Amino acid sequence: MVLRKKENYSLMPIEKILSPLSIFNSKIIKLIYWTSHYYFESQGVIIKNILPNISQKKWRELTIPLNTEKEVKSSIAITQKNREYYENLSKKNFEKLLKNCLKKEKQCLILYPEIAKLDYALQNLNSDLKEKSVTFHSDIKKDQAWKNWKQILNRKALIVFATRQGVFLPFQNLNLIIIQDESSLAHKSWDQHPKYNAKHVALKLSELHNAKIVFNDPTPSFESYLNIKQKKYRLKGFRIQKNKKLHIIDMGQMINSKMNFSYISPRLKNEIEKIIKSKGEILLFQNRRGLATYIFCKDCGYYYSCPNCSFSLVYDKVSDKLVCHWCGHKETPPKACRRCQSKNIKYSGHGTQKVLEEISTLFPKTKIAIFDYDNVPTTNDRLKMRNDFIESKEAGIMIATSIILSIPKINFNLSAVLNYDLLVNFPDYQTNERILRLIRRLEDTTERLYLQSYNIEDSLLLNLVRGEISNIYRRELMLRQDLYYPPYWHFVTLKFSHKNEVVVKKEAKKLYHLIITVWAFKDFHTIRLFKESFA
């Protein structure tokens, strides 16, 4: 949050007009205005983000055909007919929706959370539909993006495959929006401005165009599940099936029997050996990269964290560096503690490289691949490793982090979450929702899924294994309602930062007491204010 005591500045004058054409119609202007107010983002930042980054010459050469269609001022009644939810939108029904759009000569937007899944879907699309489709995402070249943007503006492109920025494309006659993998966090822009959730912006976009919106996801977000229950979304073939693929492995038995620590329990090792003998494929899920996920001094307790963002530094064996996986900071591993100069430095934690060391020892003749951001940083890298893994006729083990969910699925004979407890012990109210989504997707790619845990009485774990998914939704939604969490309430966080901690605390407390004073004279019974906290 930025507070200015004085606003002593003036705007620069407009030097020249690049194009006299009206690029934005009233609908997209309303969408920009709504997004700005809903997410507290600058309208200028939004406009800069959604306009193609091209030369002034190309703007001057832009032509737009006359729009003969009269713009209808709509008072839209949002009903179930406008909003549908599928557990599994089949290819047949998907293409049927697109063909209906083409018959009406209307535009259709299909949003994907990841580029790899978008490209895969487009490659497998009916050839007639593919010819009438364009794509829009960060990996396409600047000239191609400009060409596609113009086709959408001029209504020559009727089917648009896009990632989250697609909601701001200059549609003229939008009739249908399809949001694939609705619950994916990748639909949300969180690391750069403007920050927004494409799913919510798409709902507003559908309202402005009076367009139908279709959600497709086998595991609805808790927000969508509530909307389904409240009859705001029309359910189309959504069903929760009892689960018979999931199995719990009690890692506590290894402690009780005083066995040496291992990422692979004796039971899982036996199951992996069986699959290797039959030349099957195996997925081992470990959602941490690197060799050691935290480094500290055993004498004084000094903990090595990133100087930029305070996140734990991870030791990467390949580069022999301490790396911050949040901001990219790198530094040389310490030979002595920077606080007490002790040489008793401990490398601890469980990353993919650490798992690789053990797996290579246990199964030395088996092909092993690591699927994490360090090894496959780009979309092309991920698709290449996926294809190589599928085409290989040998038995194979893939050690993967959560980016395995960003590609079209690979069918495994056996999968295992090596440390389920690592997923649970995360301080976020959305933790259980993310675990549910992860486990359900891993389950969808494998014949058998093993969950290794030291706490086999965990209620979420037991509900997952028993297939009682509706119990998870009900319990979590009740808890969120009691604690004033989304989707029942909205969060607004006011963050203060300064090089001087005293200044931060003083200003935060000042604003808190100011808000309390103002609210004392107004009726704000629908708003709750939490006292300031400091990290």
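Our subject is the structure that appears above.
Residues numbered from 1 in each chain as written. Predicted model: local features only at pLDDT ≥ 70, side-chain atom pairs only at ≥ 80, totals over all residues. Heavy atoms only, no water.

A.B. asks: With reference to specific residues and values, describe unusual backbone geometry.
C.D. replies: With an omega dihedral of 0 degrees, the bond running from H193 to P194 counts as a cis peptide bond. Tracing the sequence through the fold places P194 in the loop between β6 (188-189) and β7 (196-197). Between P486 and P487 the backbone carries a cis peptide bond, its omega angle lying at 10 degrees. Looking at where P487 falls in the secondary structure, it is placed in the loop between α17 (469-482) and α18 (501-519). Its identity is not glycine, yet F40 carries a phi of approximately 55 degrees, on the positive side. Within the element layout of this structure, F40 appears in the loop between α1 (26-39) and α2 (43-50). Residue classification places F40 among the exposed residues on the basis of a relative accessible area of 68%. In the Ramachandran plot, K279 falls in the positive-phi region, its phi being about 60 degrees despite a non-glycine side chain. Among the structural elements, K279 can be located in the loop between α11 (266-277) and β11 (281-285). Exposure remark for K279: the relative accessible area of 59% places this residue in the exposed category. (Helix = DSSP H or I, 4+ residues; strand = E, 2+ residues; numbered from the N terminus. Buried < 20%, exposed > 50% of the residue type's maximum accessible area, 1.4 Å probe, protein only.)

A.B. asks: Tell me about the pattern of salt bridges, and please be specific about residues and values.
C.D. replies: Counted under the stated rule, the structure contains 19 salt bridges. Of the charged contacts in the structure, one is a salt bridge between K199 and E182, with a shortest N-O distance of 2.8 Å. Of this pair, K199 sits in helix α8 (residues 198-209) while E182 sits in the loop between β5 (174-180) and β6; the two residues are 17 residues apart in sequence, bridging distant segments of the chain. With a relative accessible area of 6%, K199 lands in the buried category. In this structure E182 comes out as buried when scored by relative accessible area, which is 2%. (Salt bridge = Lys/Arg side-chain N within 4 Å of Asp/Glu carboxyl O.)

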